[in-house]
Amino acid sequence: MKLVIVESPTKAKTISQYLGEDFLVRSSYGHIRDLPKSELGIDVDKDFEPSYIVPTKAKKNLSTLKKEAAKADAVILATDEDREGEAIAWHLVEALGLNKKKTKRPIERIVFHEITKPAIARALEQPREILTDLVDAQQARRVLDRLVGYKLSPVLWKRYWRGLSAGRVQSVAVRLIVERERQIEAFKPEEYWSITAQLQAAQEPVFTAQLSEMHGKPVEKLSVPDGVAAQKIVDALNGATWTVKAVERKEATRMPHAPFTTSTLQQEASRRLRYSSRQTMMFAQGLYEAGYITYMRTDSVNLSEQSLGDAANFIATTYGAKYYKRRRFKTKSKNAQEAHEAVRPTDPATTPETLAASLSPQQAKLYDLIWRRFMASQMADALFDAATIDVTAGEYGFRATGSVITFDGWLKIYPSNVEESVLPVVKEGEQLTLKELLSEQHFTKPPARFNEASLIKTLEKEGIGRPSTYASIISTILKRGYVEKDRSRAFHPTEIGTQVNDFLVEQFPRIVDVQFTSRMEDELDEIARGERKWVPVIREFYDPLAQELKEKTKQAQAAKEAEVEQTDKICEKCGSPMIVKRGRFGKFIACSNFPTCKNVLKEPKEQKEIEKVGRMCPQDNGELVYRRSRFGKFIACSNFPKCRYTEKIAKESKAPEEEKEASS
């Protein structure tokens, strides 16, 4: 019997369907070892040696796996193919004592990009060793993040209050949002005007042309700065002759997008489905583990020959040969692993309709998006009949543009925001009739706030984090209360988010520097490729930080003490002065002798004036008063809860004049 260990019970269930009775498939339920939560867990004096422990929730499962591994003829580690999966496999070897010299049984590591029977069979035929470079890269990231979180966060506690946290990547994300908000606040709108002409040729429909040229110079956005300038143009065009200067018609093409990477999947799911990045990854994980899509954590747009062939057959059979066009896409990310694949359906013939009943509504929508994006990537270009009409009127020029789809191509299954605008058939030199000349006021707009899609796009562009980390970055900054979403799902920095960001930018500029954080990601990639050792990389990062921490901790405490607001109140418990403090929920009054005395002054609740009815309670002769509940206003006895008498408020009848006024 061979024991196969994966990290997910759903994945184990799917794989077990493809293996025979000679295999026993079990799940590790994620990491079976981790750093302790209650302490740093890293010995900085011994080359940052991590102290891994087995979490309480994993002990029972570990005991079971040990017993099954002891009976097995071979142990096969089939965790995910990325750094995290490689690290889980390594931790399993360590926690289960799977040393080849001691156990004298085969220990195999297999990887696959999709959970299908052929992929599992190929993986079993090509086992390999655990790649220690990938393990080191994952461990280096974990140590880096732990050092920043556990060393820098206490400085924030000294400056503000306990419970705040700093993160190597999350703090950079907050900085991006704070700086964007300040750009918006500092933005000064500029006025500009547009001039639009409604024109018509003989026997042709009216079309719209925009002002494009003035006195021989092209019109820019702010060329017409105010209403006076706009009116001057309108006046100058009064009585002008409108003549077609040039007509250009050509065929335009539009290529499909590349299949999804983790980043583009999260961005598109946010735009089209309104899924958060965490939701997208959760639903995608379920689709992957059920065998419907390939591995969803990837920055590659590479496609296997098998998938290209399957797509070709499906498209030609379903839509016709003219809709098919074989394509390969080049990955833009310099650190992408081309051995990986893009996110795609494992079988193009498994259409969204065939899976609708097997999936949750959310998973079904995401699968539909992934399937359509992949299929569209192997379809023909969309063709357009594009036209441009240039018109002259005195010293001014106007331009009209339009396009019509002549062949939908890939748009047939992956609709996009394509607006058709039909222009009339006109000839050079032909005179046109001006139907209407419009001038409209506009104002420039500030840069848009980040939403999940645009933040992920920026993080990827700047090299901050990696595909597997975007969802956790966003989740963390929301959970910490550093940013919040408005109704349009745009991010706004909170007051404490802004304060923490400003403190880190001022005191620890290197930690929240975009370029520095990006370089750290590159160094982690170098570790993964075996080009650098992880301990020197961590040492280069930590030694300057350790020196900064000694200096800044004292400064943070001093700055906090300098901001103390005195009150005229005395602590009733120890006699010390009461001072104003600031916490997560705002200001409050507390004893200055903290932590020896933890007295906090509660603000007295405002006593609302009770509205009396003017009658007595029929049950106990108490005074009747008006009260309010979530159902509205009502009458109750003032002796509640001893007397629970209540009555509804009778609706007053309206005078005829009031009724007439209300109905009108």
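Going by the structure above, here's the rest.
Below: a short report on this structure.

Calculation rules
- Residues numbered from 1 in each chain as written.
- Predicted model: local features only at pLDDT ≥ 70, side-chain atom pairs only at ≥ 80, totals over all residues.
- Heavy atoms only, no water.
- Phe/Tyr/Trp six-rings, centres within 6.5 Å; stacked < 30°, edge-to-face > 60°.
- Lys NZ or Arg CZ within 6 Å of the ring centre and 35° of its normal.
- Pairing = 2+ DSSP bridges.
- Helix = DSSP H or I, 4+ residues; strand = E, 2+ residues; numbered from the N terminus.
- Axes fitted to C-alpha atoms, helices over the stretch in contact; angles between N-to-C directions.
- Contact = heavy atoms within 4.5 Å.

### Considering the packing of aromatic side chains
Per the stated rule, a full pass over the model turns up 11 aromatic pairs. Within the aromatic cluster, the residues linked to one another by ring pairs are F314, Y319, Y323, W371 and F407. The ring centre of Y414 lies 4.3 Å from the NZ or CZ of R272, which sits over that ring. Directly above the aromatic system of Y626 lies the positively charged group of K633, at a separation of 4.6 Å from the ring centroid.

### Looking at the pairing of strand β8 (residues 207-214)
Within a regular strand, the side chains alternate between the two sheet faces. Here strand β7 (residues 191-200) pairs with β8 via four bridges, running antiparallel. Looking at β8, one finds that L199 is bridged to F207. One ladder, built from four bridges, connects β8 with strand β12 (residues 396-407); its direction is antiparallel. Its bridge partner lying in β12, L211 is registered against F398.

### Observations concerning the sheet that holds strand β5 (residues 74-77)
The four strands are arranged β2-β1-β5-β6 in an open sheet whose pairing can be described as parallel. The two strands at the open ends of the sheet, each matched to only one other strand, are β2 (23-27) and β6 (107-109). Here the strands of the sheet are splayed against their neighbours by 20° on average, with no regard to which way each runs. One ladder, built from three bridges, connects β5 with β6; its direction is parallel. Across the sheet, I76 pairs through a bridge with E108, a residue of β6. Sitting on the sheet, helix α1 (residues 9-16) is in contact with β1 (2-6) and β2, with an inclination near 165° to β2.

That is the geometry; function is a separate question.
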